Amino acid sequence: MFTSSTERFDFSNMDDYPGEGKRPPPRTDGSVCHISIAAGFILTLLSLAIAVGVGIIVNFAGNNKNVTCSCLCEPSPQTTNAPGYIPSACKALALEGNQEICGLCPDSTVTSTHSTTSAAPTDTTEVTKPTEPPIITDDIRLPDNMKPYHYDITIRPELYNDKPETFTFSGRVDIFMNCIKATKNITVHSGSQVITQTPSVRLVNNTGGRADPGVIGTARDDARQFLIIMLDTYLTIGEQYSLTLHFTANLTDNLIGLYLSSYYSEEANATKYLAVTQLQHTYARFTFPCFDEPALKAKFAITLEREPQIFTLSNMPLLRSDNLTDGYIADVYDTTVIMPTYLVAFAFCDFLNVTNKTSNNVEFSVFSRPEYINQTTFALEEGIKMLDAFENYFNISYTLPKLDNIALPDFYYGAMENWGLVTYREAYLLYEPGMTTTSYLIFIAEIIAHELAHMWFGNIVSPVWWDDIWLNEGFATFLSYLGVEMVLPEWKMMDLITTDVIQRVMDVDSYESTVPIYRMAYTPRQIGDLFDSITYSKGASVIRMMWFFLGEETFRRGLEGYLKEQMFGNVAHDDLWVALQKQAQLDGRTGFDVKTVMDTWIKQKNFPVVNVTRHGNQLKLTQQRFLLGATNTTDSEGYSWEIPFTYTTQQKLDFNQTTSDITWIRKDSSETTIDSVTPDQGWVIGNIRQYGYYRVNYDTENWQAIVRQLMNDHTKIHVINRGVLISDSWALAKAGLISMEIAWDMLIYLRNETEYMPWDNADRELDYIDMMLTGRAAYGDFERFVVTQIEGRSLNVPIYDDRPVQQRSLSRLIFSLACKHHVPECIERSLEMFDAWRTNGTLIPPDIKGTVMCTAVREGGETEWDYLYSRYLNGPVSETGLALAALGCSSRPWIINRYLEYSLQSDKIRKQDTRNAILSVLRNPVAFYMGWKFLMMNWRQMTLDNAVDGNHLNDIIRVATQGMYTDFELSQVMHLKNNIHPQEVELSGFDRAIDRIMVNMEWEEQNYPFVEEWLKTNVGHTA
Ligand SMILES: [Zn+2]
């Protein structure tokens, strides 16, 4: 990295770049500076060059860091202070953690690196050379000399012919800034594909005829995506300046920045093009030059130029449309509130919309391509209710006069919370009764609620830096369940969050290679990595735990106070702890300190298991870190948490508990005792309704008592805890903490279970066993076991199903298990339904449509596959996701290979769908190795071409490796990681995959003989 960046730097042009102090790096505990070794080295070289004649270089060590101060100023009275003055003042400032050498000389710098050597703390003029090859890691922050407060942006895309490869966009931006520190250059973000023309800089409020600063040159730093504008004079602290840049770029279908999307219009018998934005996380710079960091908030006045046949949308309401002399129309939008660059949005399209008002008079609209406009009703009606519900919940009105929601044919992410103009994938916003599955229906509601929650969490209050992005995403995830619960209480979303979110992320969070919620991120790739299930789902899980231990109303009032206090500002997590603690004190909630508790959950990876043992009339509670593959860990010390523990007994059967029922297990106490339990109370169950993010283990006797209870009358145990008991027992057995027998015994009662959530948890465990047994002798018995568990269940599912959503979800799950495990009735019915659909258009019940498609493709040939592929291309939006997943079900090698090849051709499979197409092949046990070979052969190109983004690559690695358990497979993954993957592209997924394979290897070695035996005994017994 250092090599390429130094090649790019023209030192003769550098003047004082990047030596004018950095914006403060992301916060860390216990350290002050995070400027990279690379920067240090560059500065050192730079300093050497300049120090020959003038200036002073000081290098010293202390407080575990080496600090290099370079005063680069020209000879002046400031630098002729008494010898030693600047070095000592510099050292004092630097050791206090102050990066600014203030008034000593205007362009001096401090850089520091963590020292691992024990260099003597002496002042010296000698420059030390770096002892290891410098690499660029964290040195990506903008200098902190200029702060933007307003942007005028004009954008004009050219997308009006039928040759998309010729499409471009151009524009002009005027950035108004305050000068915070004297500087001779201005550094902004600008992606390399954005070509800028010579900029100009003006003094705002220029009175007295002062000359504007002159631009003497520009330089690019592509590693940091910087454009540096060099000036002939210093800008003055306290003055305001404007920077004007004209720019142009290609308009491509790369799904980031301002990008091209398209759809085929049957009515027009033509392809229609649209241009839309996706600027989070760091893609605003690919659209217009800007200060692209979340704390650099400003107001934006946007003008969009278009041809008359289309229209535009942006964050704010349209002020006016001006006719331009060249026939274009300029849509001038109202100025936004103060917000970060990543929330800017605009769209150029020919869509239709439906509109209504919320009770607070906000104009709420849903936009889609014309043919889907009748599928927008659910989003409009429920979206309005949700916005109302959130306004009531936070007791803060939505900020803007309007909120548009737009369904896009091409969209990389699920949805994006641009303030006033939320963007979605079509399948995540459009609902068609009789066609859309229940899973998608729930997901649509959830995702709308998620984005609307962001209007408060993320938009009104944003994180200082990306390391706290969980404050956006964890809250939006938690609030999405709460939001749907407020509007559609019969869906029981606050129950469903346990299986949907908490259990799922606990699986991810059980490995050594996982990461804490709060973690550093510097480069755009690392920032992208933050948008993972730990941030979203673990974030939501620990927030739900906080919601429980604070009490719902204290939590709500605390959030209200926090949002009001921090409105339009930037925050770090400590600001939230302070606000919630304040509210807890006001409400008389005691027994915990919010920061002490929550820091243990957000700053440590993994989570605890609470061991519950009975001693006479006492319950003894201890905690330990829960880890799969614990035998391989080298990092086993010091993990402990502040745990809000709850429990009930066979006699009490109390599953409705509140904050006053909590027993706190402290991070520094070795054992916690509860006295009130009598020996004859039967079983004990901990973590009521899984309010806590932890697992619970019991002695064997207690586990057996629970198994007996489930067999005798499972309804005595709350449905959430039934699901949790299945997940806990399986996780504990996989970790070797209880016998595998208990985990299997826990599944036997399921043939009487009529609720969805325990089945969903069991299904995940069955999936794991399925992968581990695929191709093994025990698989036949396993399949018979599963079939026995669902025997006698109805496979009838109506097209219009008005049963509760969770009953519908259970029917989907049972039907899918039946076909997957070759129940003849399921296969026959699927083939019949598929055939009637293909030949006569007979509707298939939506909840089983995915399974019907997969079964027909698996059992059929080219005809079935080709028909389904045509539905992917041209069918209704509710079918595209299902078709994409089912196309990978084929058992014909050439069909699978053709599908894999299509997956990388954007005219065959939309770019946004590449991941899911590949995943569908990897999930098919018959096709798995074809998928794996394809990855090995294409991986390098996929990565280098950015055909698949980092998060999607991580998903692909995860699914590809989740069932691997042999040395041979491990060596292949190592080969992919070390020899094929381009080393310059950081990717976190490999380490997790290797960790998982090691755990699988251990599981296979220790458990396969037992599982084979258990299945033989039990299937033989019940068949
Ligand atoms: Zn979000």
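Structure: see above.
Calculation criteria
Per chain, residue numbering runs from 1 following the sequence as it is written. In view of the model being predicted, local features appear only for residues whose pLDDT reaches at least 70, and side-chain atom pairs are presented and counted only at 80 or more, with totals across whole chains, interfaces and linings using the full set of residues. Water and hydrogen atoms play no part in the side-chain values, which are based on all heavy atoms of the structure. Put simply, DSSP marks the helices as runs of H or I at least four residues long and the strands as runs of E at least two long, and each gets a number from the N terminus on. Categorising residues by exposure relies on relative accessible area from a 1.4 Å probe, with only protein chains included: less than 20% of the type maximum marks a residue as buried, more than 50% marks it as exposed, and the intermediate range marks it as partly exposed. Coordination partners: N, O, S within 2.8 Å of the metal, 3.2 Å for Na, K and Ca; water not considered, so apparent gaps in a site are possible. Here, a strand pair is defined by DSSP locating no fewer than two bridges between the strands. What counts as an axis is a line fitted to C-alpha atoms, over the stretch in contact for a helix, and the angles between N-to-C directions run from 0 to 180 degrees. We call two residues contacting when some pair of their heavy atoms lies within 4.5 Å. A helix is expected to span 1.5 Å multiplied by its residue count minus one. By definition in this entry, angles of less than 35 degrees are roughly parallel, angles greater than 145 are roughly antiparallel, angles of 65 to 115 are roughly perpendicular, and the rest are oblique. Helix crossings are classified by the rotation of the near helix relative to the far one: an anticlockwise turn of less than a right angle makes the crossing left-handed, while a clockwise turn makes it right-handed. Aromatic rings from Phe, Tyr and Trp, with only the six-membered ring used for Trp, were paired whenever their centres fell within 6.5 Å, and each pair was classed as stacked if the ring planes differed by under 30 degrees, edge-to-face if by over 60, and tilted otherwise. The definition used for a disulfide is geometric: two cysteine sulfur atoms within 2.5 Å. What the arc describes is the spread of directions from the helix axis to the C-beta atoms. In plain words, nonpolar cores are sets of buried Ala, Val, Leu, Ile, Met, Phe, Trp, Tyr and Cys residues tied together by side-chain atoms within 4.5 Å. In this classification, the charged set is Asp, Glu, Lys and Arg, the nonpolar set is Ala, Val, Leu, Ile, Met, Phe, Trp, Tyr, Cys and Pro, and all remaining amino acids, among them Gly, are polar.

A. Expanded view of unusual backbone geometry. Omega for the peptide link from Gln-280 to His-281 comes to 0°, which places this bond in the cis form. Following the sequence through the fold, His-281 ends up in the loop between strand 13 (270-278) and strand 14 (299-306). Phi is positive for Lys-492, which is not a glycine, with a value near 55°. Along the chain, Lys-492 turns up in the loop between helix 7 (470-487) and helix 8 (493-508). If you check the backbone angles, His-822 has positive phi at about 60° while not being a glycine. Assignment of secondary structure puts His-822 in the loop between helix 19 (805-820) and helix 20 (824-840). Its relative accessible area of 41% is what places His-822 among the partly exposed residues.

B. Geometry of the coordination of the zinc ion. Coordination sphere of the zinc ion, protein contribution only: His-450 (NE2), His-454 (NE2) and Glu-473 (OE), at 2.0 to 2.1 Å. Within one chain, the residues serving as donors to the zinc ion are arranged as H-x3-H-x18-E. A residue pair is termed long-range when its members are at least 10 positions apart, and His-454 in helix 6 (residues 438-454) and Glu-473 in helix 7 qualify at 19 residues. Of the two residues examined, His-454 and Glu-473, each falls in the buried class.

C. Representation of the sheet that holds strand 15 (residues 311-314). Strand order across the open sheet formed by four strands is 12-13-18-15, with antiparallel pairing between neighbours. Two strands close off the open sheet at either side, each with one partner strand: strand 12 (257-265) and strand 15. On average, each strand axis in the sheet is inclined to that of its neighbour by 15°, with strand direction left out of account. Inspection of the sheet shows strand 12 paired to strand 13 by nine bridges, in the antiparallel sense. Paired with Ser-265 across the bridge in strand 13 is Ala-270.

D. Broad picture of the sheet that holds strand 23 (residues 421-425). A sheet is described by the order of its strands in space; here five strands give the open sequence 19-20-21-23-22, paired in mixed fashion. The strands lining the two open edges of the sheet, one partner per strand, are strand 19 (352-357) and strand 22 (415-416). Each of strand 20 (363-368), strand 21 (402-408), strand 22 and strand 23 touches helix 6; the most contacted strand, strand 23, lies at about 150° to it.

E. Region of the structure containing helix 17 (residues 756-773). Taking 1.5 Å of rise per residue, the 18 residues of helix 17 would be expected to cover 26 Å, and the 25 Å separating its terminal C-alpha atoms lies within 8% of that figure. Just past helix 17, the residue Gly-775 takes up positive phi, approximately 80°.

F. Up close: the environment of Asp-253. Position of Asp-253 relative to the elements: it lies in the loop between strand 11 (240-250) and strand 12. C-alpha separation for the pair Asp-253 and Asp-410, spaced 157 residues apart in sequence, amounts to 8.4 Å. Leaving out residues up to four positions away in the same chain, Asp-253 has contacts with Leu-260, Ser-906 and Lys-911.

G. A look at the side chain of Lys-538. Mapped onto the elements of the fold, Lys-538 is located in helix 10 (residues 533-550). Residue class for Lys-538 comes out buried when judged on its relative accessible area of 0%. Leave out the neighbours within four places in its chain, and Lys-538 touches Val-505, Asp-509, Ile-517, Ser-533, Trp-601, Gln-604, Lys-605, Asn-606 and Tyr-693.

H. Local environment of the packing of helix 24 (residues 893-903) against helix 25 (residues 914-922). With their axes 9 Å apart at the nearest point, helix 24 and helix 25 run at an angle of 160° to one another. By the angle between their directions, the pair helix 24 and helix 25 is classed as roughly antiparallel. Between helix 24 and helix 25 the crossing geometry is left-handed. On helix 25, the residues touching Ile-896, Tyr-899, Leu-900 and Ser-903 of helix 24 are Thr-914, Ala-917, Ile-918, Ser-920 and Val-921.

I. Layout of the packing of aromatic side chains. Following the criterion strictly, the structure yields 56 aromatic pairs and no others. Ring centres 5.8 Å apart and planes at 65° place the aromatic pair Phe-478 and Trp-547 in the edge-to-face group. Here Phe-478 is found in helix 7, whereas its partner Trp-547 is found in helix 10, with 69 residues between them in sequence. Judged by its relative accessible area of 0%, Phe-478 is buried. Each ring, one from Phe-549 and one from Trp-664, has its centre 5.1 Å from the other, and the planes form 75°; the classification is edge-to-face.

J. Representation of the state of the cysteines. Counted according to the given criterion, the structure contains two disulfides. Disulfide pairing is shown between Cys-819 and Cys-826; the S-S distance is 2.1 Å. Disulfide Cys-819 to Cys-826: torsion about the S-S bond roughly -100°, handedness left-handed. Here Cys-819 falls in the buried class, since its relative accessible area comes to 1%. Assessed through its relative accessible area of 0%, Cys-826 is described here as buried. The side chain of Cys-854 participates in a disulfide bridge whose partner is Cys-889; the two sulfur atoms lie 2.1 Å from each other. Here Cys-854 and Cys-889 share a disulfide; its torsion about the S-S bond, -100°, makes the bridge left-handed. One end of the pair, Cys-854, is in helix 21 (residues 846-859); the other, Cys-889, is in the loop between helix 23 (877-886) and helix 24, and 35 residues separate them in sequence. You can call Cys-854 partly exposed: its relative accessible area is 23%. Exposure remark for Cys-889: the relative accessible area of 12% places this residue in the buried category.

K. Representation of helix 28 (residues 967-980). The end-to-end C-alpha distance of helix 28, which contains 14 residues, comes to 19 Å, matching closely the 20 Å that a straight helix rising 1.5 Å per residue would cover. All of the buried residues along helix 28 are Glu-969, Leu-970, Gln-972, Val-973, Leu-976 and Ile-980. An end-on view of helix 28 places all buried positions within 160° of arc, on one side of the element. Residues Asp-967, Phe-968 and Asn-979 are exposed on helix 28 and point more than 90 degrees away from its buried face.

L. Here's a closer look at the nonpolar core. If you look at the biggest cluster of nonpolar residues, it comprises 315 residues, and the most contacted ones within it are Phe-288, Met-546 and Trp-744. At twelve residues, helix 29 (residues 989-1022) tops the list of elements feeding residues into this core. Non-local contacts of Met-546, meaning those with residues more than four positions away in its chain, are made with Phe-475, Gly-551, Phe-555, Leu-576, Trp-577, Leu-580, Val-594 and Met-598.

M. The environment of Trp-491, seen in detail. With respect to the helices, strands and loops of the structure, Trp-491 is situated in the loop between helix 7 and helix 8. Trp-491 sits in the buried class, given a relative accessible area of 8%. For the pair formed by Trp-491 and Pro-804, sequence separation is 313 residues and the distance between their alpha carbons is 7.0 Å.

N. Highlighting the pairing of strand 13. Adjacent in sequence and paired antiparallel, strand 12 and strand 13 are bridged by four residues, among which Asn-269 carries a positive phi angle near 50°. Across two bridges, strand 13 lies against strand 18 (residues 346-349) in antiparallel orientation. In the sheet register, Val-276 faces strand 18, and the bridge partner there is Ala-347.

O. Expanded view of the packing of helix 15 (residues 719-734) against helix 17. Contact pair helix 15 / helix 17: the axes reach a minimum separation of 7 Å and the direction vectors enclose 20°. With respect to each other, helix 15 and helix 17 are oriented roughly parallel. For helix 15 against helix 17, the interelement crossing comes out left-handed. Along its contact with helix 15, which presents Val-719, Ile-720, Arg-722, Gly-723, Val-724, Ile-726, Ser-727, Trp-730 and Lys-734, the element helix 17 presents Met-757, Pro-758, Asn-761, Ala-762, Arg-764, Glu-765, Tyr-768 and Ile-769. When the residues that make up the contact of helix 15 with helix 17 are grouped by side-chain class, the tally is ten nonpolar, three polar and four charged.

P. Summary view of the pairing of strand 14. In terms of residue burial, strand 14 counts as a mostly covered element, since seven of its eight residues are buried. For strand 4 (residues 146-158) and strand 14, the ladder comprises six bridges, and the chain directions are parallel. Bridging across to strand 14, Asp-152 finds its partner in Ala-301. In the sheet, strand 14 pairs with strand 17 (residues 329-333) via four bridges, with the strands oriented antiparallel. Its bridge partner being in strand 17, Glu-305 is matched across the sheet by Ala-330.

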